[in-house]
Amino acid sequence: MSQRVAPHDQTEHDAVDRYGAATHAVFNQPRELADYNLFSGDAALQDGVAREGAGWASNELATLGARLGSAETLELGTLANRNAPELDTHDRYGNRVDLVRYHPSYHQLMRLAVEQGLHASPWTEPRPGAHVARAARYYMQAQVEAGHGCPITMTFAATPSLAKEPDLARHWLPKIHARVYDPRNIPAADKQGLTIGMAMTEKQGGSDVRANATRAIALGRDAMGETYELVGHKFFVSAPMCDAFLTLAQAPGGLTCFLAPRWRPDGTKNPIQIVRLKRKMGNVSNASSETEWRGALAWRVGPEGRGVATILEMVAATRFDCMIGSSAGMRMAAAQALDHCRQRRAFGALLIEQPAMRAVLADLALEAEAALALTLRVARALENRAAEPREDAFARIAAPLGKYWICKRTPAHAYEAMECLGGSGAMEDSPMPRLYREAPINAIWEGSGNVQCLDVLRAISRAPQTLDAYFAEIDSARGADRALDAHVAALKEDMRDLGDFESQARDLCDRLALALQASVMVRSAPTASADAFCAARLEGRGARNWGALPKGLDLAAIVKRALPR
Ligand SMILES: Cc1cc2nc3c(=O)[nH]c(=O)nc-3n(C[C@H](O)[C@H](O)[C@H](O)COP(=O)(O)OP(=O)(O)OC[C@H]3O[C@@H](n4cnc5c(N)ncnc54)[C@H](O)[C@@H]3O)c2cc1C
């Protein structure tokens, strides 16, 4: 990212102008937000990491934060999205190759993410706070660029599903967990590091994968497990250069989960053929494809007929990463807006000091902080769920709620942040259009909004203790804020009768998510931010736009805390 110098100094302009080389001085234009530390410059992130049990990672996070915030690394994110991946179905001799070519910057970001263990660290180095530390690293990396997060997330999320098959796990997990990124289109046996994709969605159904029509024909058994051949299609397969894909197909015993490699163990190409790459509105650096499966070899993962249950463990982890990714998008959008407004003047004063703009910036900052606070709380719950039943029950409901709410808040947030930069915010050489186009994606994949809301209902009706755990969490903030107490009391009343939940799903889930965010803010954020969040989000004042905050809040303190440093 180039450093633009704003020559505020009139003598410089005069000097240039003497030689007739300048038509005008460039002034009152901000410098690029670059060469800053994404960890040490983010007070909410530092507080959250310490609060949720990963304080031990602070030094390492600060080192990474400096690297990710450097102009050089930020430029990788720009280049990876300016240069979309391209598909070669065949080589020049007519051989089928199914090769996606990416810009080198994409590979550099992938290598950085893998070397940092974003794809595996909680599995390979488990310790209290490991999930929180990984979430913090992912949060910073996603601020640089979102698209490469897709294969990183899928690789991370594959471990719990693959661990169900010991033979398969023994062969695959060591290389999946290695901190080695090898993008070559060659068999897994010849590589030291592997990535994993996910192929579920078909033309006739994405949310409802029971509609999958891809057939699985049993072949026999080899050293890695029960083998099958898959015949069918998948309508969305992102990161098709992954080394293997967790997928679903109809086996004789019903919908079943499989692991299909890109190359067969005998060194021949597995016939998973890429038909075309999708033309996406955002997430440009990441290739997403349509594929034909023409007798592709695959190993069964989990029992026949238990496909959804088996792959759901992977999906749960990918949904959590959507929370991190959208929180990161909001942080970057807020940071860009804040940084611009602290440098740009209009009508005789810096924008950041003008009351109407300060209210908008404070509101954007509150949303970003609340998203991060909830995300890190859920990271701790996901980590503790195996040992603590209450955390497990809490995570079961908090993860779909958080995925639904945070991802849904991001597009409007990105749009408002863009407007803070004025006309330049809408230009393609600003980071804002990319943040804006990226913003809706997380809400759609890995279970769209309604699907998340219905998942909350499923959790509550199958295991009522999930709702108990949720309210126990909220009640730990009882008495701290009158608006929150009133909000929770009304919510408890309305949650007594779940008979009409589906038609009320959005209303109830919005209120459940807001109560959760508010309670996390009350227990963890500075008073100015927590008070403002509760007042702005819980005191019903009808439809409103960003910056329409109640009177009497300490907006200067909120803005100061959020400034990227
Ligand atoms: C960029 C991108 C990359 C993707 N990559 C992958 C990938 O790698 N692998 C993969 O398998 N998939 C991938 N997907 C597909 C994605 O997961 C699906 O698009 C998503 O699950 C929705 O499925 P669908 O498109 O079939 O929509 P549908 O299932 O038809 O849903 C349409 C709408 O209906 C709503 N809806 C569904 N059921 C109900 C209900 N019972 N009540 C009320 N509303 C309902 C949904 O919330 C949604 O808003 C990707 C999608 C995108 C956008």
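Look a little higher up for the structure.
Residues numbered from 1 in each chain as written. Predicted model: local features only at pLDDT ≥ 70, side-chain atom pairs only at ≥ 80, totals over all residues. Heavy atoms only, no water.

**Re the overall build of the protein**
Counting its secondary structure elements, the protein contains 20 helices and eleven strands. Here the C-alpha atoms of the protein give a radius of gyration of 24 Å, agreeing with the 24 Å that 2.2 N^0.38 yields for 565 residues. Its C-alpha atoms put the protein at 75 × 70 × 40 Å along the principal axes. Classification of the 565 residues of the protein by burial places 58% in the buried group. Taking all contacts inside the protein whose residues are at least 6 apart in sequence as the whole, residues at least 24 apart take part in 72%. (Helix = DSSP H or I, 4+ residues; strand = E, 2+ residues; numbered from the N terminus. Rg over C-alpha atoms; globule rule 2.2 N^0.38 Å. Buried < 20%, exposed > 50% of the residue type's maximum accessible area, 1.4 Å probe, protein only. Contact = heavy atoms within 4.5 Å.)

**Some words on the site of the ligand**
In the vicinity of the ligand lie 20 residues, with Met-198, Met-200, Thr-201, Ser-207 and Ser-238 positioned nearest. For the ligand, a nitrogen atom lies 2.7 Å from a polar atom in the side chain of Thr-201. Ser-207 has a polar side-chain atom sitting 2.6 Å from an oxygen atom of the ligand. Taking 970 Å² as the accessible area of the ligand by itself, protein coverage stands at 66%. Every element with two or more residues in the shell around the ligand is listed here: strand E3 (196-199), strand E5 (225-238), helix H14 (441-444) and helix H15 (449-462). Per-class residue counts for the shell around the ligand are ten nonpolar, eight polar and two charged. (Near = heavy atom within 4 Å. Polar contact = N/O pair within 3.5 Å; in protein donor to acceptor, adjacent residues only side chain to side chain. Areas by Shrake-Rupley, 256 points an atom, 1.4 Å probe, with all protein chains shown as cover. Nonpolar A, V, L, I, M, F, W, Y, C, P; charged D, E, K, R; others polar.)

**Section: the layout of surface pockets**
If you add up the space inside the second largest pocket, you get close to 660 Å³. Lining the second largest pocket are 30 residues, and of these Glu-32, Glu-428, Asp-429, Ser-430 and Pro-431 lie nearest its centre. Where the lining of the second largest pocket is concerned, the elements lending two or more residues are helix H4 (71-82), helix H10 (307-341) and helix H13 (432-438). (1 Å grid on protein atoms, 1.4 Å probe; cavity = no way out; pocket = protein on both sides within 12 Å on 5 of 7 lines; lining within 4 Å. Points joined across faces, edges and corners; volume = space filled by probe spheres on them.)

**Re the packing of helix H7 (residues 130-144) against H10**
Contact pair H7 / H10: the axes reach a minimum separation of 8 Å and the direction vectors enclose 50°. Between H7 and H10, the interaxial angle falls into the category oblique. Both H7 and H10 take part in a crossing whose hand is right-handed. Residues Arg-134, Ala-135, Tyr-138, Tyr-139, Ala-142 and Gln-143 of H7 lie in contact with H10, whose contacting residues are Phe-320, Asp-321, Ile-324, Gly-325, Ser-327, Ala-328, Arg-331 and Met-332. Tallied by class, the residues present in the contact of H7 with H10 amount to eight nonpolar, three polar and three charged. (Axes fitted to C-alpha atoms, helices over the stretch in contact; angles between N-to-C directions. Parallel < 35°, antiparallel > 145°, perpendicular 65-115°, else oblique. Left-handed = near helix turned anticlockwise from the far one by under 90°.)

**Here's the deal with the side chain of Arg-537**
Looking at the secondary structure, you find Arg-537 in helix H19 (residues 527-538). On the basis of relative accessibility, which here comes to 11%, the residue Arg-537 falls in the buried class. Side chain to side chain, Arg-537 and Asp-363 meet in a polar contact 2.8 Å long. Here Arg-537 is in contact with Asp-363, Leu-366, Glu-367, Arg-409, Leu-514, Arg-544 and Trp-546, once residues within four sequence places are set aside.

**Notes on the pattern of salt bridges**
Across all of its chains, the model carries 38 salt bridges by this definition. Between Asp-455 and Arg-319 there is a salt bridge, with the nearest N and O atoms lying 3.5 Å from each other. One end of the pair, Asp-455, is in helix H15; the other, Arg-319, is in helix H10, and 136 residues separate them in sequence. With a relative accessible area of 8%, Asp-455 lands in the buried category. Arg-377 is the salt-bridge partner of Glu-473, the closest N and O atoms lying 2.8 Å from each other. Placement of the pair is Glu-473 in helix H16 (residues 465-475) and Arg-377 in helix H11 (residues 355-384), with a sequence separation of 96 residues. Its relative accessible area of 8% is what places Glu-473 among the buried residues. By relative accessible area, Arg-377 is classed as buried at 4%. (Salt bridge = Lys/Arg side-chain N within 4 Å of Asp/Glu carboxyl O.)

**Observations regarding the nonpolar core**
With 133 residues, the main nonpolar core has Leu-45, Leu-361, Cys-420, Tyr-470 and Met-495 as its most contacted residues. Counting residues per element, this core draws most heavily on H11, which supplies 19 residues. Look past the residues within four positions of Cys-420 in its chain and what remains in contact with it is Ala-337, His-340, Cys-341, Leu-351, Met-357, Val-360, Leu-361 and Leu-364. Judged by nonpolar contacts, the second largest core, of 47 residues, contains Ala-158, Trp-172, Ala-251 and Cys-257. (Core = buried A, V, L, I, M, F, W, Y, C linked by side-chain atoms within 4.5 Å.)

**Comments concerning the environment of Ile-186**
Structurally, Ile-186 can be placed in the loop between helix H9 (166-177) and E3. A sequence separation of 83 residues divides Ile-186 from Lys-269, and the C-alpha atoms of the two residues are 8.9 Å apart. Apart from residues no more than four positions distant in its own chain, Ile-186 is found in contact with Lys-191, Asp-243 and Trp-263.

**Details of the packing of aromatic side chains**
Inspection of every chain in the model, using the stated rule, returns six aromatic pairs. When the ring of Trp-123 is compared with that of Phe-156, the centres are 5.0 Å apart and the planes differ by 20°; the resulting orientation is stacked. Of this pair, Trp-123 sits in helix H6 (residues 121-124) while Phe-156 sits in helix H8 (residues 149-162), and the two are 33 residues apart along the sequence. Note on Phe-156: relative accessible area 3%, which makes it buried. Measuring from ring centre to ring centre gives 5.0 Å for Tyr-470 and Phe-471, while their planes differ by 75°; the resulting arrangement is edge-to-face. Residue Tyr-470 shares its accessibility class with Phe-471, and that shared class is buried. A cation sits over an aromatic face here: Lys-278 above Phe-235, 3.4 Å from the ring centre. Taking NZ or CZ as reference, Lys-278 lies 4.1 Å from the ring centre of Phe-236, over its face. (Phe/Tyr/Trp six-rings, centres within 6.5 Å; stacked < 30°, edge-to-face > 60°. Lys NZ or Arg CZ within 6 Å of the ring centre and 35° of its normal.)

Note that every value here comes from positions in space, so none of it alone points to a role or purpose.
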